[in-house]
Amino acid sequence: QVQLVESGGGLVQPGGSLRLSCAASGRTFSSNAMAWYRQAPGKQRELVAAISSAGGILYGFSVKDRFTISRDNAKNTVYLQMNSLKPEDTAVYYCAASRGTTVVGITPQYWGPGTQVTVSS
């Protein structure tokens, strides 16, 4: 059974940092693109960052230069380093595994349950 489990969320002050992790089990995803999405209350789920099987990266406009996505295929894990956090980054963050290998036209096949990130003083 395939599972994606996010961890690392929590409460942080504006300007602070968090590192999210997404551990996959049930199969390896080294040949799949992986992504982080987020959904704030009353808003649609949006793509935060994606990384292809070859290491190509795509960022959402609002997080570019603040967030960094990376992957460790040996650990079947994807990370999201979030710096200079803002209150508008508050959301549930979801990990997703794509059906394909590239970040262009990424199509999530599997989702994690999500982890809450709250940015507030």
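Look a little higher up for the structure.
Residues numbered from 1 in each chain as written. Predicted model: local features only at pLDDT ≥ 70, side-chain atom pairs only at ≥ 80, totals over all residues. Heavy atoms only, no water.

1. Section: the overall build of the protein
- Assigned secondary structure in the protein consists of 0 helices and 11 strands.
- A compact globule built from 121 residues would reach a C-alpha radius of gyration of about 14 Å, and the protein, at 13 Å, matches this within 12%.
- Projecting the C-alpha coordinates of the protein onto the three principal axes gives extents of approximately 40 × 25 × 25 Å.
- Among the 121 residues that make up the protein, the fraction classed as buried is 42%.
- Restricting the contact set of the protein to residue pairs at least 6 apart, pairs at least 24 apart contribute 58%. (Helix = DSSP H or I, 4+ residues; strand = E, 2+ residues; numbered from the N terminus. Rg over C-alpha atoms; globule rule 2.2 N^0.38 Å. Buried < 20%, exposed > 50% of the residue type's maximum accessible area, 1.4 Å probe, protein only. Contact = heavy atoms within 4.5 Å.)

2. Notes on the side chain of threonine 77
- Of note, threonine 77 is situated in strand E8 (residues 77-82).
- Polar side-chain contacts of threonine 77 include one of 2.8 Å to the backbone oxygen of lysine 75.
- If we ignore the near neighbours within four places in the chain, the residues touching threonine 77 are Ser21, Cys22, Ala23, Arg71 and Asp72. (Polar contact = N/O pair within 3.5 Å; in protein donor to acceptor, adjacent residues only side chain to side chain.)

3. Structural notes on the pattern of salt bridges
- Within the structure shown, the criterion is met by 3 salt bridges.
- Among the salt bridges present, the one from arginine 38 reaches aspartate 89, with a minimum N-O distance of 2.9 Å. Pair noted here: arginine 38 is in strand E4 (residues 34-39) and aspartate 89 is in the loop between E8 and strand E9 (91-98), with a separation of 51 residues, a long-range link. In this pair, the class of arginine 38 matches that of aspartate 89, namely buried.
- The class for aspartate 89 is buried, based on a relative accessible area of 1%. (Salt bridge = Lys/Arg side-chain N within 4 Å of Asp/Glu carboxyl O.)

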